[in-house]
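Fold and geometry: a report
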Amino acid sequence: MDVMYFAWVRERIGVPRETVETEAATVADLVRELSAREDRYELAFSDLEALRVAVDQDLTDFDASITGAREVAFFPPMTGG
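Let me begin by describing the structure that accompanies this report. On a predicted model such as this, the values are computed, not experimentally measured, just so you know. (Residues numbered from 1 in each chain as written. Predicted model: local features only at pLDDT ≥ 70, side-chain atom pairs only at ≥ 80, totals over all residues. Heavy atoms only, no water.)

A few points about the pairing of strand 3 (residues 52-55)
Pairing between strand 3 and strand 5 (residues 71-75): 4 bridges, direction antiparallel. Within the sheet, the bridge partner assigned to A54 lies in strand 5 and is A73. Between strand 3 and strand 4 (residues 58-60), which pair antiparallel one after the other, the connecting turn spans 2 residues, and D56 there sits at a positive phi close to 50 degrees. (Pairing = 2+ DSSP bridges. Helix = DSSP H or I, 4+ residues; strand = E, 2+ residues; numbered from the N terminus.)

Some remarks on the packing of aromatic side chains
One pass over the full model with this rule turns up 3 aromatic pairs. Relative to F74, the ring of F62 has its centre 6.4 Å away and its plane inclined at 25 degrees; by these criteria the two rings are stacked. With a gap of 12 residues between them, F62 in the loop between strand 4 and strand 5 and F74 in strand 5 connect regions that are remote in the sequence. Summarising the burial analysis for this pair, F62 and F74 share the class buried. Among the aromatic residues, those joined into a cluster by ring pairs are Y5, F45, F62 and F74. It is R37 that lies over the ring of Y41; its NZ or CZ is 5.3 Å from the centre. (Phe/Tyr/Trp six-rings, centres within 6.5 Å; stacked < 30°, edge-to-face > 60°. Buried < 20%, exposed > 50% of the residue type's maximum accessible area, 1.4 Å probe, protein only. Lys NZ or Arg CZ within 6 Å of the ring centre and 35° of its normal.)

Structural notes on the side chain of E71
Relative to the elements of secondary structure, E71 occurs in strand 5. The side chain of E71 is buried and forms no salt bridge, while R17, the nearest opposite charge, is found at 4.5 Å. Apart from residues no more than four positions distant in its own chain, E71 is found in contact with D2, M4, R17, A54, V55, D56 and Q57. (Lys, Arg positive; Asp, Glu negative; His and termini not counted. Salt bridge = Lys/Arg side-chain N within 4 Å of Asp/Glu carboxyl O. Contact = heavy atoms within 4.5 Å.)

A closer look at the nonpolar core
In terms of nonpolar packing, the biggest core is built from 23 residues, with Y5, V27, L30, L34, F45 and F74 touching the most fellow members. Ranked by the residues each element gives to this core, the list is headed by helix 2 (residues 27-37), at 5 residues. Those residues in contact with L34 that lie beyond four places of it in its chain are V3, Y5, V20, Y41, F45 and F74. (Core = buried A, V, L, I, M, F, W, Y, C linked by side-chain atoms within 4.5 Å.)

Have a look at this one:
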């Protein structure tokens, strides 16, 4: 599965995207797996209230299933006018 990072999430993790092998069933499970990898992931995911997530380009919640997903993207809340 491709995992993509945007804005400050990308800056903290250090890469814009990566392909991961995972047994995670939900976005939250994936976040736990990634956070356990290294400190940079733990820092990026330390405040989930400051993050949004999309699974296969659909905005969703952290309890969403990722079974069969091709892509998960993490990014800060969007602002604009």
